[in-house]
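Remarks on the overall topology
Listed here are the chains, written in short residue letters.
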Amino acid sequence: MGDRGGHPGGLPRDGRQPRGCLGGDGQECVERVGVAVGPQQRPADVQPELEAGPVAGLRAFLALWRGIVVESDFRAGCPVLAVSVEEPPAGEIPPELLAAAEMFEDWERLFADALGEHGVAPEQGQGLAALVVAAAEGATVMCRAKRSTQPLDQVAQQLEGLIAGVLDPSS
């Protein structure tokens, strides 16, 4: 799904996971599409860096994405995003869309909590956390289109400066 979209027609026919999915323990399966939607990477993958601080966590999160797109020769993307952009049937909220929303919320909560632990007000932390996740998703898509890590590198630089600027220096 990460490189072919979330629609069942875009899935590999040989039973393998799409290149956008990395697998691993705790992976959430969404039976409706027949493969694991995600997580592409789990919040626990950057937890140690986030405990060191929001800037370190941001660097780890974006480095993880950078590695994914480079190692896949710019073919892998986020399976959570792929499911999210598929048009659901009218009047229906498919289970994979609910799982995608939950994954985005997990990442946002993780970053918002780290920001809060370093003196950022809750409302501002939640907004910055949404910005981090949305920017990483968008930059990953741009990397695929441009076949370059430049979008992720630019987003990393801007977000790092933004986050460093709101942190309480005494925390």
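I will try to describe carefully the structure that is included in this document. Numbers given to residues run from 1 along each chain, matching the order in which its sequence is written. The predicted nature of this model means local features are confined to residues of pLDDT at least 70 and side-chain atom pairs, given and counted, to a pLDDT of 80 or more, with totals for whole chains, interfaces and linings taken over all residues. Side-chain metrics in this entry use all non-hydrogen atoms of the structure; hydrogen atoms and water are not considered.

A word on helix α4 (residues 95–117)
- Spanning 23 residues, α4 covers 33 Å between terminal C-alpha atoms, matching the ideal 33 Å at 1.5 Å per step.
- The buried label goes to any residue with under 20% of its type's maximum accessible area, the exposed label to any with over 50%, and the partly exposed label to all in between, with areas taken from a 1.4 Å probe on protein chains only. Counting from the N terminus, the helices are DSSP H or I runs at least four residues long and the strands are E runs at least two residues long. Listing the buried residues of α4 in full gives E96, A99, A100, M103, F104, W107, L110, F111, A112, A114 and L115.
- Count one or two residues on from α4 and you reach G119, which has phi positive near 90 degrees. The span expected for a helix works out to 1.5 Å for each residue beyond the first.

Some remarks on the pattern of salt bridges
- Definition used for salt bridges: Asp or Glu carboxyl oxygen within 4 Å of a side-chain nitrogen of Lys or Arg. Applying the stated rule across the entire model yields 4 salt bridges.
- Among the salt bridges present, the one from E160 reaches R59, with a minimum N-O distance of 2.4 Å. One end of the pair, E160, is in helix α6 (residues 150–166); the other, R59, is in helix α2 (residues 54–71), and 101 residues separate them in sequence.
- Note on R59: relative accessible area 48%, which makes it partly exposed.
- Across the salt bridge formed by D106 and R109, the nearest N and O atoms sit 2.6 Å from each other. Residue D106 and its partner R109 are located together in helix α4, separated by 3 residues, close to a single helical turn.
- Its relative accessible area of 45% is what places R109 among the partly exposed residues.

Regarding the environment of L131
- Tracing the chain through its elements places L131 in helix α5 (residues 122–146).
- Exposure remark for L131: the relative accessible area of 38% places this residue in the partly exposed category.
- L131 sits 28 residues away from L159 along the chain, and the two C-alpha atoms are 8.5 Å apart.
- Working rule for contacts: check all heavy atoms of both residues, and any pair within 4.5 Å makes them a contact. Sequence-distant contacts of L131, that is, excluding residues within four places in its chain, are made with L159 and L162.

Brief notes about unusual backbone geometry
- Its identity as a non-glycine residue notwithstanding, D73 has a phi of 55 degrees, on the positive side.
- One can find D73 in the loop between α2 and α3 (79–85).
- Of note in this structure, F74 is not a glycine but carries a positive phi near 65 degrees.
- Within the secondary structure layout, F74 lies in the loop between α2 and α3.

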